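# A look at the structure
Here's the letter readout for the chains.
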Amino acid sequence: MKKFLAYLLLVTTVGCTDIEFPAGPVVVGGQESGSDVSLGVASATMSVASVSGPVTTGPFTIGVNVTPGATYSFQLTHINGTVLHNHGFTATQASMSIALDYSTIPAGAYDLILMDNTGRLLKVVVIIQR
Amino acid sequence: MKHFLAAVLLLLPVPALAQPSLAWTANTITTDVNGGPIVKDDTISIDVKVNPNNTTIRSVYFDFQHQKDALTFLDVQQREAIPSGASFSYTNYYYPNCRFNRTTGNTTTNGWTNYAQANYTCNSSTVPYHAINRIMVNVASSQNLSLATYVRLRFRVTNVAAGFAYDSIYMNFAVGYDAAGSTMTNTENTGAKGVWVQLAPGANNLLSGTVKHGANVSTGLQGLMRLWVTDTATQPTEVAITAIGGAGTFGFGSPLQPSSWYRMRVLVPGDSIAALSRASVTVSDYTMAVQEWITQNLDKTFKNQNIDRGIKYLAADANDNDQFDGGDLQRIFNAVAGLDTLMKAPAGCSASCMLSIPTIRGETYDSLGFVSWKTFTNTIIQLQTGTADQNVTVKYVLRGDVNLSHSSPVTSVAPAQQAAAFTMGRFIVPGASSIDVNLNNVIVTGNTLSIPFNVDTKSLKLSGLQFEVKYDPAKVKFEKLEVNTPSWISFVNDDKGVIRFGALDRDFKNFLSGAALVPFKLQFSSIQAGVDLNSSVQIYPTMDAADDKGKQVGINFNTTSIKLIGANFFKQP
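Anyway, here's the lowdown on the structure attached to this text.

Rules used in this analysis
- Residues numbered from 1 in each chain as written.
- Chains lettered and ligands numbered in written order.
- Predicted model: local features only at pLDDT ≥ 70, side-chain atom pairs only at ≥ 80, totals over all residues.
- Heavy atoms only, no water.
- Pairing = 2+ DSSP bridges.
- Helix = DSSP H or I, 4+ residues; strand = E, 2+ residues; numbered from the N terminus.
- Axes fitted to C-alpha atoms, helices over the stretch in contact; angles between N-to-C directions.
- Polar contact = N/O pair within 3.5 Å; in protein donor to acceptor, adjacent residues only side chain to side chain.
- Contact = heavy atoms within 4.5 Å.
- Disulfide = S-S within 2.5 Å.
- Buried < 20%, exposed > 50% of the residue type's maximum accessible area, 1.4 Å probe, protein only.
- 1 Å grid on protein atoms, 1.4 Å probe; cavity = no way out; pocket = protein on both sides within 12 Å on 5 of 7 lines; lining within 4 Å.
- Points joined across faces, edges and corners; volume = space filled by probe spheres on them.
- Nonpolar A, V, L, I, M, F, W, Y, C, P; charged D, E, K, R; others polar.
- Phe/Tyr/Trp six-rings, centres within 6.5 Å; stacked < 30°, edge-to-face > 60°.
- Lys NZ or Arg CZ within 6 Å of the ring centre and 35° of its normal.

## A closer look at the sheet that holds strand β18 (residues 249–252) of chain B
Residue and element names in this part refer to chain B. Spatially, 4 strands are ordered β18-β15-β23-β21 in an open sheet, and the strand pairing comes out mixed. In this open sheet, the two edge strands, each paired with only one partner strand, are β18 and β21 (359–361). Strand after strand, the sheet turns through a mean of 30 degrees between neighbouring axes, direction not considered. The sheet contact formed by β21 and strand β23 (residues 390–396) spans 3 bridges and is antiparallel. What sits directly across from Ile 360, in β23, is Lys 395.

## A look at the sheet that holds strand β1 (residues 21–24) of chain B
Residues and elements named next belong to chain B. Read from one edge of the open sheet, 5 strands run β5-β10-β3-β1-β13, paired in mixed fashion. A single partner strand is all that each edge strand has here, and the edge strands are β5 (71–78) and β13 (188–189). Across 2 bridges, the pairing between β1 and β13 is parallel. In the strand pairing of β13, Ser 21 is matched with Glu 188.

## Concerning the side chain of Gln 466 of chain B
Residue and element names in this part refer to chain B. Examined against the element boundaries, Gln 466 turns out to sit in strand β29 (residues 462–470). Of the polar contacts made by the side chain of Gln 466, one reaches the backbone nitrogen of Val 283; its length is 2.7 Å. In contact with Gln 466, not counting residues within four places along its chain, are Thr 282, Val 283, Val 336, Phe 491, Arg 500, Phe 501, Gly 502, Thr 542, Met 543 and Asp 544.

## Observations regarding the state of the cysteines
Simply put, the disulfide is a covalent bond whose two ends are the sulfur atoms of two cysteines. All names here are of chain B. Under the counting rule described, the total for this entry stands at 2 disulfides over all chains. One disulfide in the model links Cys 98 with Cys 122; its S-S distance is 1.9 Å. One disulfide, between Cys 98 and Cys 122, carries an S-S torsion of 120 degrees and so falls in the right-handed class. Of the two residues, Cys 98 sits in strand β7 (residues 98–100) while Cys 122 sits in strand β8 (residues 120–122), which places them 24 residues apart along the sequence. Assessed through its relative accessible area of 49%, Cys 122 is described here as partly exposed.

## Considering the layout of surface pockets
All names here are of chain B. Of the pockets and cavities examined, the largest pocket occupies roughly 770 Å³. The wall of the largest pocket is formed by 26 residues, among which Ala 275, Ala 279, Glu 468, Tyr 540 and Thr 542 lie closest to the centre. If you list the elements that add at least two residues to the lining of the largest pocket, you get α3 (219–224), α4 (273–280), β31 (489–495) and β32 (498–504). In terms of residue count, α4 provides more of the lining of the largest pocket than any other element does, 4 residues in total. Taken together, the residues of the lining of the largest pocket break down into 11 nonpolar, 9 polar and 6 charged.

## Regarding the packing of aromatic side chains
The description of an aromatic ring pair uses the distance of the two centres, along with the angle that the planes make with each other. Residues and elements named next belong to chain B. Tallied over the entire structure, the rule returns 32 aromatic pairs over all chains. Ring centres of Phe 501 and Phe 520 lie 5.3 Å apart, and the angle between their planes is 80 degrees; this geometry places the pair in the edge-to-face category. Remark: Phe 520 occurs in strand β33 (residues 517–526) and Phe 501 occurs in strand β32; sequence separation between them is 19 residues. Of the two residues, Phe 501 and Phe 520, both sit in the buried class. Clustering of aromatic rings is evident, with ring pairs tying together Trp 293, Phe 302, Tyr 313, Phe 324, Phe 370 and Trp 373. Just above the ring of Tyr 170 sits the side chain of Arg 102; from NZ or CZ to the centre is 3.8 Å.

## As for the pairing of strand β3 (residues 43–51) of chain B
Residues and elements named next belong to chain B. As paired elements, β1 and β3 share 4 bridges and run antiparallel to each other. Within the sheet, the bridge partner assigned to Leu 22 lies in β3 and is Val 50. Bridge count for β3 against strand β10 (residues 148–157) is 8 bridges, and the pairing is antiparallel. By the bridge assignment for β10, Val 50 is matched with Ala 148.

Written as structure tokens, this is what we have:
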């Protein structure tokens, strides 16, 4: 009962409250950064205009409509979520053609995910066949 | 020279004596003579094939065994191995209450040996069901038999009481006679001795029916649950047990006896009961119970507006004192907050240990009254079998699961009685309004990150809100929950990468309502450099929301997965 009352005291909240849980060790590893990471202007546009075809032996070209000055990232991911290839870029114009090369990726079916710097995602299926 | 000729004679090949053989054409039959599944009162046939093997085999002396109570022997029919125009007849001598005593000496592949070594027990009390048919099939023909079916035996499947313990039909031996009438002591009896008559599923059931699973019990757990039939109450002795996954259907035949009493319990693996209990008791269970409690009449009766079924009161009686009282509210709240688990396995009980949960016949479960639930103690189904199939609906209830989200649903057309269900991106409460929850992927630029839960209550007034998420503890560390709710009691529980959190209004005075609310923010720190982070947070199906009456409402998610992406992934390679 004491434990419960103590808990109630801890969690009864009025307005905006932070619940620390639990009081564990500080973060191990990692380092504060971000000063050298610029995400550019916020992406307002993101769409896929064209793909060179979902089946490829390795080279892959994708046309995108993007916001100039914003950063984007292409990630080729396995179905289990593992990222096999990443390609980041900063848009220099509203319509761009991005050449990607998956020659070192094993044959299979993958998701190609285009992310913008606001967290939006677009997904294209890519089949690597040799 | 003499020696040479003798040697040549010795070396000349001597033709082996040909051996006819007889065997069943199949060792299981599943269809009646019309090709349909076998049910009682059907006629079935089973065939015996012959391989003459260049002999002049004509007649055969058979010894068949069957269950006289389950099958009535009808006749023997001539089949295609016997040439047309041949003379065909048979005689049968019937030995009721007799059984062939099988030994290694009389179950050989030689029919004559089996005949010579045959041994029987004939006793109406010790052999109540079996019978022997000694059948002499007489065939006379100038032509030899062909390799094909020799005879067909026909039986009628008796309409014996459900649950009868069936046995195969056996060909104990078959001895051939050639055209000259000589016994063919080398007659082979090949293949298995018995033929199993497979009745249609349910054709011999004494008990059949369906276990009605809770709508939110995962299919994986449903597959691990069992229905257990015992014949004693205090020291359960197992009679039958079956898996109840999927549709939850079951059928019990011969393990049970006609006109006998049994108990049925639903079992859950010991290592799953606590997780099931935690998932089933959430904020709307508490708000539903507390609303009923605080609106009670002055005479201590309840209005039954929130807890509107007897079975829900039974679930709400968390302290198991046959009353709905303040102590139940406290225990349910403790469970919602993660301080306690209402149903858990005792020490030492894990995956291989099964636990029974309150199991109730469907019609009783549905009709349990607002008063009668207090004296209801039959949380094990007790029933008596008859002589025919008895259909039973089995339901179960979990302690504290007031809204029956994980217990069996009450059978009713009223939407309020239907259980909530989680589908991808939606938590559906039939007949109820719903709120929107929007989650965004997170671009990680430092070593800390925050996931806001954006809520649009869609004009509803909320009194409780609860979620559960899973993260990868190898990549991020949960730091804190930031709560922005009006004077609500909050709770958070982080357990091995799964965070259960929420808040509720115990006073039902300060409701949450609005279109752009952020009642919760989860804050994490990155284990590695945040800018290189690539992980995700998954929304788990344990979630809940309650309105200002304490009733459950639905939740619409825009996604069930939040990606956490380091900023370095946006850098030019």
